[in-house]
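# Architecture and fold: a report
The chain contents come next:
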Amino acid sequence: SQTIHQWPATLVQPVGSPLSLECTVEGTSNPNLYWYRQAAGRGLQLLFYSVGIGQISSEVPQNLSASRPQDRQFILSSKKLLLSDSGFYLCAWSTGEGSYEQYFGPGTRLTVT
Amino acid sequence: SQQGEEDPQALSIQEGENATMNCSYKTSINNLQWYRQNSGRGLVHLILIRSNEREKHSGRLRVTLDTSKKSSSLLITASRAADTASYFCATDSRGDYKLSFGAGTTVTVRA
């Protein structure tokens, strides 16, 4: 069966510090991968998605970047965090191939102070 | 950008009652999905309805889709305390695997 991991679960970082959030998927090959951000009490905003290694599409221009160094690994980064980067970050995967359901990780709660 | 909008924003019901929430969207869709999110957790896929379907059931869940009105409803029957969560609709377009989520409906089931 497939599983998706995210870490860390929670993170408190000062303004101006770097960020690296990691997401890995097990039990599937060549998944589509997605990074979302969720503000408190709001829906999900798609940040990045990837259909293959090294293929990243950015949905919203901002202070973040994403990379996919391996087939089942997706990393969200920032060189200098802003207060507005605080939120709940969710990674998800889907098989593509005509299937539109997405499967989500447990999320990372980021607080920028 | 958000395509779907859920209504109501919040709903409080007694255990055993039914809960109904609605989702409206703006542009043509391929599929519409419903997800559940427990507080502080990731989303869980509940059900997918295709644009050529009008109704779908899964256990205590019933989803309807009216493409002429660009709207969908999710009915949870005989609610339980464990159904307390936020519920989101999400839409996609044919060949585009990105999902557009609404802001969600928060459901509280009182014992």
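Bear in mind that the values here come from a model prediction, so they are computed numbers and not experimental data. (Residues numbered from 1 in each chain as written. Chains lettered and ligands numbered in written order. Predicted model: local features only at pLDDT ≥ 70, side-chain atom pairs only at ≥ 80, totals over all residues. Heavy atoms only, no water.)

What follows covers the side chain of Ser17(A). Position of Ser17(A) relative to the elements: it lies in the loop between β2 (10-13) and β3 (19-26). The residues touching Ser17(A), leaving out its near neighbours within four places in the chain, are Lys79(A), Lys80(A) and Leu81(A). (Helix = DSSP H or I, 4+ residues; strand = E, 2+ residues; numbered from the N terminus. Contact = heavy atoms within 4.5 Å.)

Contacts between the two partners involve 24 residues from chain B and, on the opposite side, 24 residues from chain A. Summing both sides of the interface, chain B and chain A together bury roughly 1,700 Å²; the carbon and sulfur share of this comes to 56%. There are 1 salt bridge connecting chain B and chain A. One salt bridge in this structure joins Lys98(B) and Glu59(A), with 3.4 Å as the shortest N-O distance. Taken together, the links from chain B to chain A amount to 10 residue pairs in polar contact (both at pLDDT 80 or more). Of all elements in the fold, only β4 (31-37), β5 (43-50), β9 (85-93) and β10 (96-101) of chain B reach the threshold of two or more residues within the side of chain B that touches chain A. The element that contributes the greatest number of residues to the side of chain B that touches chain A is β10(B), accounting for 5 residues. Split into classes, the residues belonging to the side of chain B that touches chain A amount to 8 nonpolar, 11 polar and 5 charged. (Buried area = accessible area lost by both parts, 1.4 Å probe. Salt bridge = Lys/Arg side-chain N within 4 Å of Asp/Glu carboxyl O. Polar contact = N/O pair within 3.5 Å; in protein donor to acceptor, adjacent residues only side chain to side chain. Nonpolar A, V, L, I, M, F, W, Y, C, P; charged D, E, K, R; others polar.)

Counting residues in each nonpolar core, the largest one holds 22 residues, and the members touching the most others are Met21(B), Leu32(B), Trp34(B), Leu74(B), Ile76(B) and Tyr87(B). Within the residue set of this core, elements represented by two or more residues are β2 (10-14), β3 (19-24), β4, β5, β7 (61-66), β8 (71-76), β9 and β11 (105-110) of chain B. Setting aside anything within four residues of it in sequence, one finds Leu32(B) in contact with Cys23(B), Tyr25(B), Ile47(B), Leu48(B), Ile49(B), Leu65(B), Ser72(B), Cys89(B), Ala90(B) and Thr91(B). The next biggest cluster of nonpolar side chains, apart from the first, holds 20 residues, and it includes Leu19(A), Cys23(A), Leu33(A) and Leu47(A). (Core = buried A, V, L, I, M, F, W, Y, C linked by side-chain atoms within 4.5 Å. Buried < 20%, exposed > 50% of the residue type's maximum accessible area, 1.4 Å probe, protein only.)

If you walk through the whole model with that rule in mind, you get 2 disulfides over all chains. With its sulfur 2.0 Å from that of its partner, Cys23(A) forms a disulfide with Cys91(A). On the S-S bond that ties Cys23(A) to Cys91(A), the torsion sits near -75°, and the link is left-handed. Of this pair, Cys23(A) sits in strand β3 while Cys91(A) sits in strand β9 (residues 87-94), and the two are 68 residues apart along the sequence. As far as burial versus exposure is concerned, Cys23(A) and Cys91(A) are alike and both buried. Paired through a disulfide, Cys23(B) and Cys89(B) show a sulfur-sulfur distance of 2.1 Å. Every disulfide takes its handedness from the sign of the S-S torsion; for Cys23(B) and Cys89(B) that torsion is 70°, giving right-handed. Of this pair, Cys23(B) sits in strand β3 while Cys89(B) sits in strand β9, and the two are 66 residues apart along the sequence. Per residue, the accessibility class of Cys23(B) equals that of Cys89(B), and both read buried. (Disulfide = S-S within 2.5 Å.)

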